[in-house]
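# Inside the fold
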Amino acid sequence: MPAHLDPRLLRAFLAVAEELHFTRAAVRLYVAQQALSRDIRRLERELGADLFVRTTRQVTLTADGERLVPYARRALQAQDELLAAFGQARPLLVDLNSPGLSTGRRVLHRARELAPEHELMARYESGLTYAAGELIAGRLDASFGRFAGLDPALRAGLDHQPVRYEPMAVVLPEDHRLAGLPEVPLAALAGESVYAGAGNPRTPEWTDLAVQLFEGRGIRIAPPAPLAIGEEEFQRIMAKRRNPILAVRDFPALPATVVRPLVDPVPLSPVSLVWRRRLTHPALDALRTAAAQVSAGEGWLRRPPGGWLPDGDESVMASS
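Throughout what follows, the structure given in this document is the object of discussion. As the structure is a computational prediction, the values presented were derived from the model and not from experiment.

Across the two faces of strand β10 (residues 245-248) the burial is the same, with I245 and A247 and L246 and V248 all buried. As judged from the 4 bridges shared by strand β6 (residues 158-173) and β10, these two strands associate in the antiparallel manner. Bridged to A169 within β10 is A247.

Here it is as structure tokens:
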């Protein structure tokens, strides 16, 4: 038996044990499948036991593999708890999607007040779909966004806590025909092509929300734009295309644009705090407490009369 087991091998084992599929496990961990297979073989050699039965059709756990699962989970959790107990907890990496959005930022600020002894670091990954992959791979710890919009394979490795039904808005060029309205009825956007991130691999959950919202209302999804990284590039591309942009009400105004709330009905963007399943970190407790406090204090989970939400999102938000 080995004197030491690399925790990375145990994480690789758990990913395969939970997915029962090497390709999906490799995607989840953001590693090459060949590298994942090598790690599993190394772990099997070090333990002197076969952990999986592999065929061309399926992957199953052996009896030894089944026996290892709870030990691997406890070992990884104990490692995180030990480091935290001796003041060596690493920073908690919290994705806020984009600078200027208030929901995640306000929760993070409150968490820092609740746990000043811990470091909570902000990151900006644009969309929850991309962030979810980073969460599962261990390169991020928490994010915010539309949990129901994630692929079920990603959701299986994550937990979430509803935080807000965020009212949506439209960003318009300041000379647009609707820019003078204090609020924009959805029906007034009929015939428009509205940008909702189509083609952006980081944000398909947002595009899907737009597709459901626009269905039957005569509103088109604007075609994909070049992927713009950074606020300045996004502003430049949007100014060039001049499409209305689907956003949330606290979206920071771009130069020569106005932000107008959408009404009749009021569309809602469901926002959850999302983290890697079985993550143990003392600052995560503070982040979850902060999310609950800010949400309750602001009434973020009270749906406005006539608020619109897809059926699937409603059930996911209610089932957490």
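Having seen the structure, we can now continue with the description.
Along its 15 residues, helix α3 (residues 33-47) runs 21 Å from first to last C-alpha, staying within 8% of the 21 Å computed at 1.5 Å per residue. Those residues of α3 lying buried are L36, S37, D39, I40, L43, E44 and L47. With its buried residues spanning 160° around the axis, α3 presents them on a single face. Facing away from the buried side of α3, by more than 90 degrees, are the exposed residues Q34 and R45. Phi turns positive one or two residues past the end of α3, at G48, with a value near 65°.

Relative to the assigned elements, S295 resides in helix α10 (residues 282-298). Looking at S295, the relative accessible area reads 6%, which means it is buried. Here S295 is in contact with V163, W300 and L301, once residues within four sequence places are set aside.

Moving on: the packing of aromatic side chains. Taken as a whole, this structure holds 2 aromatic pairs when the rule is applied. Measuring from ring centre to ring centre gives 5.5 Å for F13 and F52, while their planes differ by 45°; the resulting arrangement is tilted. Of the two residues, F13 is situated in helix α1 (residues 7-19) and F52 in strand β1 (residues 52-54); the sequence distance between them amounts to 39 residues. Classification of F13 by relative accessible area gives buried; the value is 0%. Under the relative-accessibility criterion, F52 is labelled buried at 4%.

So, on to the nonpolar core. Among the nonpolar cores identified, the biggest contains 24 residues, and F13, V16, L36, L43 and F52 are the most heavily contacted of them. At the level of secondary structure, the elements contributing two or more residues to this core comprise α1, α2 (22-29), α3, β2 (59-61) and α4 (63-85). A per-element tally of this core places α1 first, with 8 residues. Beyond its immediate stretch of four places on either side in the chain, L36 contacts A12, V16, F22, A25, A26, L29 and V31.

This brings us to the side chain of S272. With respect to the helices, strands and loops of the structure, S272 is situated in strand β12 (residues 266-276). Classification of S272 as buried rests on a relative accessible area of 0%. A polar side-chain atom of S272 sits 2.8 Å from a polar atom in the side chain of H160. Setting aside residues no more than four positions away along its own chain, S272 makes contact with S143, F144, G145, F147, H160, Q161, P162, V163 and M317.

Its place among the elements puts A187 in the loop between β7 (184-185) and β8 (193-194). The exposed category is assigned to A187, whose relative accessible area is 61%.

Looking now at unusual backbone geometry. Cis geometry marks the peptide bond from D264 to P265; its omega dihedral reads 0°. With respect to the helices and strands, the residue P265 is situated in the loop between β11 (257-263) and β12. Not every positive phi belongs to a glycine, and L20 is a case in point at roughly 50°. On the secondary structure map, L20 appears in the loop between α1 and α2. For L20, a relative accessible area of 36% corresponds to the partly exposed category. For R242, which is not a glycine, the phi torsion comes out positive at approximately 65°. Relative to the helices and strands, R242 resides in the loop between α9 (231-241) and β10. Overall, R242 belongs to the partly exposed group, its relative accessible area being 44%.

Turning to the packing of α1 against α3, a few remarks are in order. How two helices pack is summed up by the angle between their axes together with the distance between the axes. At a closest axis distance of 9 Å, the pairing of α1 and α3 adopts a crossing angle of 110°. With respect to each other, α1 and α3 are oriented roughly perpendicular. Of the two elements, α1 crosses α3, and the hand of that crossing is left-handed. Contacts between α1 and α3 involve R8, L9, L10, A12, F13 and V16 from the former and L36, D39, I40, R42, L43 and E46 from the latter. Tallied by class, the residues present in the contact of α1 with α3 amount to 8 nonpolar, no polar and 4 charged.

Conventions we followed
Residues numbered from 1 in each chain as written. Predicted model: local features only at pLDDT ≥ 70, side-chain atom pairs only at ≥ 80, totals over all residues. Heavy atoms only, no water. Buried < 20%, exposed > 50% of the residue type's maximum accessible area, 1.4 Å probe, protein only. Helix = DSSP H or I, 4+ residues; strand = E, 2+ residues; numbered from the N terminus. Pairing = 2+ DSSP bridges. Expected span 1.5 Å × (residues − 1). Arc of directions from axis to C-beta. Contact = heavy atoms within 4.5 Å. Phe/Tyr/Trp six-rings, centres within 6.5 Å; stacked < 30°, edge-to-face > 60°. Core = buried A, V, L, I, M, F, W, Y, C linked by side-chain atoms within 4.5 Å. Polar contact = N/O pair within 3.5 Å; in protein donor to acceptor, adjacent residues only side chain to side chain. Axes fitted to C-alpha atoms, helices over the stretch in contact; angles between N-to-C directions. Parallel < 35°, antiparallel > 145°, perpendicular 65-115°, else oblique. Left-handed = near helix turned anticlockwise from the far one by under 90°. Nonpolar A, V, L, I, M, F, W, Y, C, P; charged D, E, K, R; others polar.

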